[in-house]
Amino acid sequence: MLKHIDVISLFPEMFVAIQSGITGRAIKKGLISLAITNPRDFTTDKHKTVDDRPYGGGPGMLMKVEPLSKAIQALKEKAAATSDSKKIKVVYLSPQGQPLTQNIVKTLHEENEQLILLAGRYEGVDERLIEHFVDYECSIGDYVLSGGELPAMVLIDSLIRLLPGALGHHESAPNDSFYSGLLDHPHYTRPEMLHFDDGNSEQKGDAVPDVLLSGHHENIEQWRLKQSLGRTWQRRPDLLKDRQLSEQEQQLLQAFIQEEK
Ligand SMILES: C[S@@+](CC[C@H](N)C(=O)[O-])C[C@H]1O[C@@H](n2cnc3c(N)ncnc32)[C@H](O)[C@@H]1O
């Protein structure tokens, strides 16, 4: 199970963003440790150069191999002192990577003890660095950001949520969207009835579904599962194609579809 994450980034200060909330609490509790390494510390020239022009011309700069490879090697050596080297992996956050899913997060969490996340900048990194040092390339979506720091934090947050003890007893990863291959059901909190003043004098108000007030746990669970199935069918039918529905789930989904008609 995952116990340490290193990030290689030219902007270590950005990572204060995960010092709050669930992620910050998990780090403070020692459930996982996090360290940020600046590749500039692995340069040898007085300007601490980490980028250079691309061969073949064109706009923009590229991250040079040497500062990154030295940083990765140093981090791997340190990690090998406390972990099986097969359980130390390098992940490059890249728009060209495999799209990140809950399943990939789960695999990374279960199969590794230490991860080294590489956040790119400029036009990215020299291809040879990827070929020789990177185990996985992960994308957080089909759009391009200015750097890999936000994607790295997205991955770290999703990994930390899976650590035992990271969520309070009232929060639960298995209930989250995607965990079981479905979207989460809708949620409601007080007040029981809401009136929105939208100029419609006949408005009846928005009530919380009766079943949630019934105290009948079995019915509530059934309603939630039905809503999860229905939402997934409405919003992400692609997820249902990859999931074998039980007989009960099929019946609940059919009932949801009937009610929608
Ligand atoms: C401006 S981008 C480089 C994009 C690169 N020229 C391309 O088109 O594939 C700079 C860095 O931001 C990060 N990045 C940008 N978009 C990303 C995404 N969707 N997912 C993960 N990382 C991303 C990567 O680390 C990348 O090296």
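Predicted model, so just to flag it, every value in this text is computed and none were measured. (Residues numbered from 1 in each chain as written. Predicted model: local features only at pLDDT ≥ 70, side-chain atom pairs only at ≥ 80, totals over all residues. Heavy atoms only, no water.)

Draft legend 1. Spotlight on the packing of aromatic side chains. Tallied over the entire structure, the rule returns one aromatic pair. Ring plane angle 80 degrees and centroid distance 6.3 Å describe the contact between W233 and F256, whose orientation is recorded as edge-to-face. Here W233 is found in helix α6 (residues 217-235), whereas its partner F256 is found in helix α8 (residues 247-260), with 23 residues between them in sequence. (Phe/Tyr/Trp six-rings, centres within 6.5 Å; stacked < 30°, edge-to-face > 60°. Helix = DSSP H or I, 4+ residues; strand = E, 2+ residues; numbered from the N terminus.)

Draft legend 2. The arrangement of the pairing of strand β6 (residues 114-119) in detail. Most of β6 is tucked away, with six of its six residues classed as buried. Burial along β6 is two-sided: Q114, I116 and L118 and L115, L117 and A119, pointing in opposite directions, are all buried. The pairing of strand β1 (residues 4-8) with β6 spans five bridges and is parallel. Bridging across to β6, I5 finds its partner in L115. The sheet contact formed by strand β5 (residues 88-99) and β6 spans six bridges and is parallel. Of the residues in β6, the one forming a bridge with V90 is I116. (Buried < 20%, exposed > 50% of the residue type's maximum accessible area, 1.4 Å probe, protein only. Pairing = 2+ DSSP bridges.)

Draft legend 3. A look at the site of the ligand. Not every one of the 20 residues close to the ligand is listed here, only the nearest: Y92, L93, Q96, G120 and Y143. Within the backbone of I140, a nitrogen or oxygen atom sits 3.1 Å from a nitrogen atom of the ligand. Compared with its free state, where it exposes 590 Å², the ligand has 87% of that area covered by protein. Listed by contribution, the elements that provide at least two residues to the shell around the ligand are β5 and β7 (136-139). Here the shell around the ligand gets five residues from one element, more than from any other, and that element is β5. Partitioning the shell around the ligand into residue classes produces 10 nonpolar, nine polar and one charged. (Near = heavy atom within 4 Å. Polar contact = N/O pair within 3.5 Å; in protein donor to acceptor, adjacent residues only side chain to side chain. Areas by Shrake-Rupley, 256 points an atom, 1.4 Å probe, with all protein chains shown as cover. Nonpolar A, V, L, I, M, F, W, Y, C, P; charged D, E, K, R; others polar.)

Draft legend 4. A look at the sheet that holds β7. What the five strands build is an open sheet, ordered β2-β1-β6-β5-β7; its pairing is parallel. A strand with exactly one partner marks an edge of an open sheet, and here the two such strands are β2 (33-37) and β7. Adjacent strand axes in the sheet meet at a mean angle of 30 degrees when their direction is disregarded. Judged from the five bridges that link them, β5 and β7 form a sheet pairing that is parallel. (Axes fitted to C-alpha atoms, helices over the stretch in contact; angles between N-to-C directions.)

Draft legend 5. Summary view of the side chain of D51. For D51, the location among the structural elements is in strand β3 (residues 51-52). Setting aside chain neighbours within four positions, we find D51 in contact with M61, L62, M63, K64 and Y122. (Contact = heavy atoms within 4.5 Å.)

Draft legend 6. Representation of the pairing of β2. Two strands pair when backbone bridges link them, and β1 and β2 are joined in this way by five bridges, in the parallel orientation. From the neighbouring strand, I5 faces β2, where its bridge partner is L34. A crossover links β1 with its parallel partner β2, the connecting element being helix α1 (residues 21-28), and its sense is right-handed. (Right-handed = clockwise from strand over helix to strand, strands pointing away.)

Draft legend 7. Looking closely at the side chain of S83. Of note, S83 is situated in the loop between α2 (65-80) and β5. With a relative accessible area of 8%, S83 lands in the buried category. Side-chain polar atoms of S83 contact the side chain of Q114, separated by 3.0 Å. In this view, S83 contacts K3, I88, E113 and Q114; residues no more than four positions away in its chain are not counted.

Draft legend 8. Geometry of the pattern of salt bridges. One pass over the full model with this rule turns up 10 salt bridges. Across the pair E249 and R243 runs a salt bridge, and its minimum N-O distance is 3.0 Å. Here E249 falls in the buried class, since its relative accessible area comes to 10%. (Salt bridge = Lys/Arg side-chain N within 4 Å of Asp/Glu carboxyl O.)

Draft legend 9. Structural context of the environment of S177. Mapping S177 onto the fold places it in the loop between α5 (149-160) and β8 (193-194). The spatial distance from the C-alpha of S177 to the C-alpha of Q102 is 8.9 Å, given a sequence separation of 75 residues. Among all residues touching S177, those that are not within four sequence positions of it are L182, L183 and D184. Within the structure, S177 has its side chain in polar contact with the backbone nitrogen of D184 (distance 2.8 Å).

Draft legend 10. Region of interest: unusual backbone geometry. A cis amide bond links R190 to the next residue, P191, at an omega of 5 degrees. Checked against the element boundaries, P191 lands in the loop between α5 and β8. One non-glycine residue, K48, adopts positive backbone phi at about 55 degrees. Looking at the secondary structure, you find K48 in the loop between β2 and β3. If you check the backbone angles, F178 has positive phi at about 80 degrees while not being a glycine.

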